[in-house]
Amino acid sequence: MSSVDSDQTPSTSRDWFFPSPSFTAKSSHQPPTRRFSTASRTSKPSFFTDSKPPIRSPSSSTFRSSSPSPPTYVPTKDITYAGNRRRPVYPRRSESLPKSNGSPPTKTEDVENAAKEKILVGKKEFRSSSVCPTVSWWTAFLIMIMIIAFSSLIHANYSLQSQVKHLQNRISKLDLRLLACENLDPVDDMESLEERSGNRTLRTSALIFSLTSLTLPFVFFKYVDYISKSKRSSENRSEQVSLSKLLAYRVDVFLSVHPYAKSLALLVATLLLIGLGGLALYGVTEDSLADCLWSSWSYVASSGNHADTEGLGPRLVSVSISFGGMLIFAMMLGLVSDAISEKFDSLRKGRSEVVEQNHTLILGWSDKLGSLLNQLAIANESLGGGIIVVMAERDKEEMELDIGKMEFDFRGTVVICRSGSPLILADLKKVSVSKARAIIVLAEDGNADQSDARALRTVLSLTGVKEGLRGHIVVELSDLDNEVLVKLVGSDLVETVVAHDVIGRLMIQCARQPGLAQVWEDILGFENCEFYIKRWPNLDGMRFEDVLISFPDAIPCGVKVASCGGKIILNPEGSYILQEGDEVVVIAEDDDSYAPTECPMVCVGRLPNTFIPERSVERILLCGWRRDIEDMITVLDASLAKGSELWMFNEVPENIREKKLIDGGLEVDRLMNITLENREGNAVIRRHLESLPLESFDSILILADESVEDSAIQADSRSLATLLLIRDIQAKRMPCRESVTDGRSFSQVSWMGEMQQASSESVIISEILDPRTKNLLSMSKIGDYVLSNELVSMALAMVAEDRQINDILEELFAEEGNEMQIRPAYIYLREGEELSFYEVILRAHQRREVVIGYRLENAEQAVINPPSKHEKQKWTTKDLFVVIAEKE
């Protein structure tokens, strides 16, 4: 092989050819050939040497070194033609290689060897042609070997090309570093070397520190375990708590007590992982500390960012950081998922805080809630709606489902439900109790004493709010005897409404005056007309008699006297002159629907000389037993004439009734005007009712029995059955009956007609708890009713909107003072007389009565606060007027 061929051989061919040590030793005394003439052609690949680039001095562009160094491999520019080189042909050891005496072959010997090789090849071809038929299989085998060898060479070529490209990239990076180092002088060179050596020490220290920090927790836990076992093994300290349990307990307390302990622990773990991972990367790479910390964060944030890492050390560190990042993000995902689930769970269960102002807060849950929400929604309609917050010890979803089933329109009012106890201050703060304009405490269904006791504790909790209360408290009580105690605790903040006392007195009034129940249903609540109190400065100095006819859209019925500390006087004298600061109490449709005008000229006229009969002896039947029945007996004794009879028909044994009445504070022997007649029986059994003289009673009161009052539907069903049985028995006992058909069947007309005729002889008042039951009674027209729950809800809503209304209601339901009454028209006018409503008002005020409405002879309902009060109309003596008058 000639030297020319040696020079033209591409550099790629030398990637796999290296002279053996023996060959190098033999030829060390000979002059160097062109094969190893330059350092660039004889250098080894860079992956066999240190990756640090040599330092080049600024005076020359070549490397200088005081000691000889092994040749390095640098590919030349003709590297792309490495695939076109000729494959060298080596002579056989037996015939082509001449024996050498240690000297290299000359050019003449090379030529001779080549000639001999051609002769040998010719001989082989001749021999192969002669034996071709016998060795054809051998030729196929050689061809296969050549194909395999050729494919392997192609594969090796492609792999070498990829390695070359990789080396070229590294060479380009090294060239850039060399260009940066050319501007340095030898002094800077030495300083850079010292700096690199110092950086290497620092990086090693950082790596050791990170590994030590990771190892210390395991060593610490092992030490704690060892100490715990040694303490347990000692006999004198057998009962002492081990250190490991104590540490576990402290960690448990920290995670349980502090609300942000888990998030804080996760943050600390993340920072430690980023810091220790950055130090470890700083120890195994050449990057700066800031870059390593940033890389560590990227590995933590995304586990796929370490895929481009090179080198064993950096890869191990990056994989470890990525694995820790996956654990941290799994923990973070769990914490976020738990927080979101807890938030949705709190929203679903109504544990979130209510951020509202000037809202109405209702504490508790009862059958009266539906009617109460309806009345408050009607009251807020003029304001465009309002906010009502309901808090009870029930599930929020159940409360919202029950409210959604209520068949009325909220008229823009929003109802917010929350679960909680009114006895807990934290739950009260959750519903912004200090910013509510009114707080309504509902009585619980069940035992009256337990319900009132809970209401008392609720009032104590409300008065204990540190921020104070902006609004007043309206408390529904079940027993009148507990009213004094609640007012003592709540002082001026509390207004009480005793439900049973109000309903009992109302039933007595309605039983003695038919049609009064419908009047109270119109006045209580906000659907029709209600009480309002407002100051009108232009009325100062005017007599109350003139004030009565100064409101075309309202009816004045009282005055709130400023000089008496804001005391409300209903039905004052006509000569009373309004002073500065006095307010007028009126009955109007809405608070902004009325205003005073100039006083019109009205001719009063004179009252007819009619005689008002005194109270007559009555016979009244009470069906059922209430827990406050002794209060009803006391009211009846004060309102009935002397010699009246009160029959009590219920399932309570007679020997127990007197004891219950005495326990309730009633002494039967001290009753002045009535006598008690006790009968025992079931009000829904016909034969028990037939034992009573039902046709002789002036009025019958059907009470919601104490045994079934917890269930509104069951109590109403019992009351309705009792009413039908009593009316049927009365109809059968009446001497004469007439039937008038109006298109209905005979049986239906006969049944309804008989009961309606019986209703004209006596008055029956039924206590109804469910508003849906009133439709049956109103259609049959066989008896009157009192919606106890709805009327109490109306009263609560009115007092919640204006606490001054409670003073009016207390006087109207009290034993003394003014009350609502039904008066016959012949007291104020004559038959066929034409009068305006203003004239009727002034005539009635001569009797110290305030007329607020009327009911015509053929009308079914009374008209409260009629319009066009100045227009005259013809009246009859059978018409009725609704008045506010002194109790008789």
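- Looking at an unreviewed UniProt entry, one finds the chain named RCK N-terminal domain-containing protein, with Kalanchoe fedtschenkoi as its source organism.
- For the chain, the Subcellular location (unreviewed entry) comment in UniProt is given as "Nucleus membrane".

### Some words on the nonpolar core
Thought 1: If you look at the biggest cluster of nonpolar residues, it comprises 122 residues, and the most contacted ones within it are Ile362, Phe531, Met820 and Phe881.
Thought 2: In terms of residue count, the dominant contributor to this core is helix α25 (residues 788-801) (nine residues).
Thought 3: With sequence-adjacent residues up to four places away left out, Ile362 is seen in contact with Leu369, Leu372, Leu373, Leu376, Ile388, Val389, Val390, Met391, Ile440 and Leu442.
Thought 4: Ranked by size, the runner-up nonpolar core spans 24 residues in total, among them Leu361, Leu428, Val459 and Val494.

### Quick look at the sheet that holds strand β20 (residues 863-864)
Thought 1: Read across the open sheet, the four strands follow the order β17-β22-β19-β20; overall the sheet is antiparallel. Unpaired on one side and paired on the other, β17 (818-824) and β20 mark the two borders of the sheet.
Thought 2: Here β17 runs beside strand β22 (residues 880-886); their pairing, made up of seven bridges, is antiparallel. The residue bridging Ile822 from the neighbouring strand is Val882, located in β22.
Thought 3: On the sheet, helix α17 (residues 516-523) packs against β17, β19 (850-855), β20 and β22 and is oriented at approximately 130° with respect to β17.

### A short note on the sheet that holds strand β16 (residues 784-787)
Thought 1: If you trace the six strands from one edge of the open sheet to the other, you get β13-β12-β11-β14-β15-β16, paired in parallel fashion. Of all the strands in the sheet, the pair left with one neighbour each is β13 (674-680) and β16. Averaged over all adjacent pairs, the angle separating strand axes in this sheet is 20°, with direction ignored.
Thought 2: When strand β11 (residues 619-623) meets strand β14 (residues 699-702), the two strands line up parallel, connected through four bridges. Each residue of the ladder has a partner; that of Cys623, found in β14, is Ile702.

### Examining the pattern of salt bridges
Thought 1: Per the counting criterion, the structure on display carries 32 salt bridges.
Thought 2: The residue Arg394 makes a salt bridge to Asp402 at a minimum N-O spacing of 2.8 Å.
Thought 3: With relative accessibility at 25%, the residue Arg394 sits in the partly exposed group.
Thought 4: Taking the shortest distance from any N to any O, the salt bridge between Arg512 and Glu618 comes out at 3.9 Å. Placement of Arg512 in helix α16 (residues 499-512) and of Glu618 in the loop between β10 (583-588) and β11 is noted, with a sequence separation of 106 residues between them.
Thought 5: Since its relative accessible area comes to 17%, Glu618 is described here as buried.

### Quick notes on the packing of aromatic side chains
Aromatic rings in a pair are described by how distant their centres are and how their planes are angled relative to each other.
Thought 1: Summed over all chains, the structure comprises nine aromatic pairs.
Thought 2: Ring geometry for Tyr854 versus Trp875: centroids 5.1 Å apart, planes at 90°, classification edge-to-face. Taken together, the residues Tyr854 in strand β19 and Trp875 in the loop between β21 (872-874) and β22 connect sequence positions 21 residues apart.
Thought 3: Sitting over the face of the ring of Trp365, Arg394 holds its NZ or CZ atom 4.5 Å from the ring centroid.

### Comments concerning the packing of α16 against α17
Thought 1: The geometry of α16 relative to α17 is characterised by a closest axis approach of 8 Å and an angle of 135° between their N-to-C directions. Between α16 and α17, the crossing angle belongs to the class labelled oblique. Contacts between α16 and α17 involve Leu506, Gln509 and Cys510 from the first element and Leu516, Ala517 and Trp520 from the second.

### Describing the UniProt feature "transmembrane region" (unreviewed entry) in the chain
Thought 1: In this numbering, the UniProt entry assigns the feature "transmembrane region" (unreviewed entry) to residues 135-154, 206-224, 264-284 and 321-341.
Thought 2: Regarding residues 264-284, the helix share stands at 100% and the strand share at 0%, and the terminal C-alpha atoms are separated by 30 Å.
Thought 3: The span residues 321-341 is 100% helix and 0% strand, and its two end C-alpha atoms sit 30 Å from each other.

### Here we look at the packing of helix α8 (residues 261-284) against helix α9 (residues 289-301)
Thought 1: It is the contact of α8 with α9, at a shortest axis distance of 8 Å, that shows an interaxial angle of 125°. With respect to α9, the element α8 is oriented oblique. In the crossing of α8 with α9, the sense of the turn from one axis to the other is right-handed. Counted together, Leu273, Ile274, Gly275, Gly277, Gly278, Leu279, Leu281 and Tyr282 of α8 and Leu289, Cys292, Leu293, Ser295, Ser296, Trp297, Tyr299 and Val300 of α9 form the full contact between these two elements.
Thought 2: A class-by-class count of the residues in the contact of α8 with α9 yields eleven nonpolar, five polar and no charged.

Cut-off values and rules
Residues numbered from 1 in each chain as written. Predicted model: local features only at pLDDT ≥ 70, side-chain atom pairs only at ≥ 80, totals over all residues. Heavy atoms only, no water. UniProt positions renumbered as here; feature names shortened; annotations may be inferred. Core = buried A, V, L, I, M, F, W, Y, C linked by side-chain atoms within 4.5 Å. Buried < 20%, exposed > 50% of the residue type's maximum accessible area, 1.4 Å probe, protein only. Helix = DSSP H or I, 4+ residues; strand = E, 2+ residues; numbered from the N terminus. Contact = heavy atoms within 4.5 Å. Pairing = 2+ DSSP bridges. Axes fitted to C-alpha atoms, helices over the stretch in contact; angles between N-to-C directions. Salt bridge = Lys/Arg side-chain N within 4 Å of Asp/Glu carboxyl O. Phe/Tyr/Trp six-rings, centres within 6.5 Å; stacked < 30°, edge-to-face > 60°. Lys NZ or Arg CZ within 6 Å of the ring centre and 35° of its normal. Parallel < 35°, antiparallel > 145°, perpendicular 65-115°, else oblique. Left-handed = near helix turned anticlockwise from the far one by under 90°. Nonpolar A, V, L, I, M, F, W, Y, C, P; charged D, E, K, R; others polar.

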